[in-house]
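# Descriptive analysis of the structure
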Amino acid sequence: AIPILEFVSFKHKYSEDLVVKILRQLLDSLEWIHSKNILYLNLHPLSILNASLTHINIKLSDFNYSNQISEQNQRSLDYFTSAMEFLGKLKRYLS
């Protein structure tokens, strides 16, 4: 697996469709992680990997700063709701 920026830099040209595929897979990954009550707190270009040199297969790495959210602490994280709503809107826009 290589960092996504390295994968994109190998391509001499890339299309809007390629960028949409990357973003969709990234948002799907974050949505799945959040559905498991895990906060992924280390999102940056080096933690977004592509598992293939020929096609898009996004993986997230480096879960050192991730946190499991208990049901009791869920209420204290209401301010994350707006970020999740934004991701949902972005995902619908890209679909």
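### Thoughts on unusual backbone geometry
- Although it is not a glycine, Asn-37 adopts a positive phi angle of roughly 60°.
- Considering the arrangement of structural elements, one finds Asn-37 in the loop between α2 (16-35) and β2 (38-39).
- Classification of Asn-37 by relative accessible area gives partly exposed; the value is 26%.
- Phi at Asp-62 is positive, roughly 60°, even though this residue is not glycine.

### Notes on the sheet that holds strand β1 (residues 2-3)
- Pairing is antiparallel in the open sheet, where 3 strands are placed in the order β1-β3-β4. Edge strands, defined here as strands with exactly one partner in the open sheet, are β1 and β4 (58-60).
- Of the strands in this sheet, β3 (48-50) and β4 touch α2, which is tilted by about 40° from β4.

### Some thoughts on the side chain of Ser-29
- The topology assignment puts Ser-29 in helix α2.
- In this structure Ser-29 touches Ile-58 and Leu-60, once residues within four positions along its chain are discounted.

### Quick look at α2
- Over its 20 residues, α2 extends 28 Å from the first C-alpha to the last, a length consistent with the 28 Å expected when each residue adds 1.5 Å.
- Those residues of α2 that fall on the buried side of the exposure criterion are Leu-18, Val-20, Ile-22, Leu-26, Leu-27, Ser-29, Leu-30 and Ile-33.
- Of the residues one or two after α2, Asn-37 is the one with positive phi, at around 60°.

### Digging into the nonpolar core
- By size, the foremost hydrophobic cluster in this structure holds 14 residues, and its most contacted members are Ile-4, Phe-7, Ile-22, Ile-48, Ile-56, Ile-58 and Leu-60.
- It is α2 that provides the largest number of residues to this core, a total of 5 residues.

### Here's the deal with the environment of Ile-38
- In this structure, Ile-38 sits in strand β2.
- It is 4.5 Å that separates the C-alpha atoms of Ile-38 and Gln-68, two residues lying 30 residues apart in sequence.
- With residues near it in sequence (within four places) discarded, Ile-38 still touches Ile-33, Ser-66, Asn-67 and Gln-68.

What counts and what doesn't
- Residues numbered from 1 in each chain as written.
- Predicted model: local features only at pLDDT ≥ 70, side-chain atom pairs only at ≥ 80, totals over all residues.
- Heavy atoms only, no water.
- Helix = DSSP H or I, 4+ residues; strand = E, 2+ residues; numbered from the N terminus.
- Buried < 20%, exposed > 50% of the residue type's maximum accessible area, 1.4 Å probe, protein only.
- Pairing = 2+ DSSP bridges.
- Contact = heavy atoms within 4.5 Å.
- Axes fitted to C-alpha atoms, helices over the stretch in contact; angles between N-to-C directions.
- Expected span 1.5 Å × (residues − 1).
- Core = buried A, V, L, I, M, F, W, Y, C linked by side-chain atoms within 4.5 Å.

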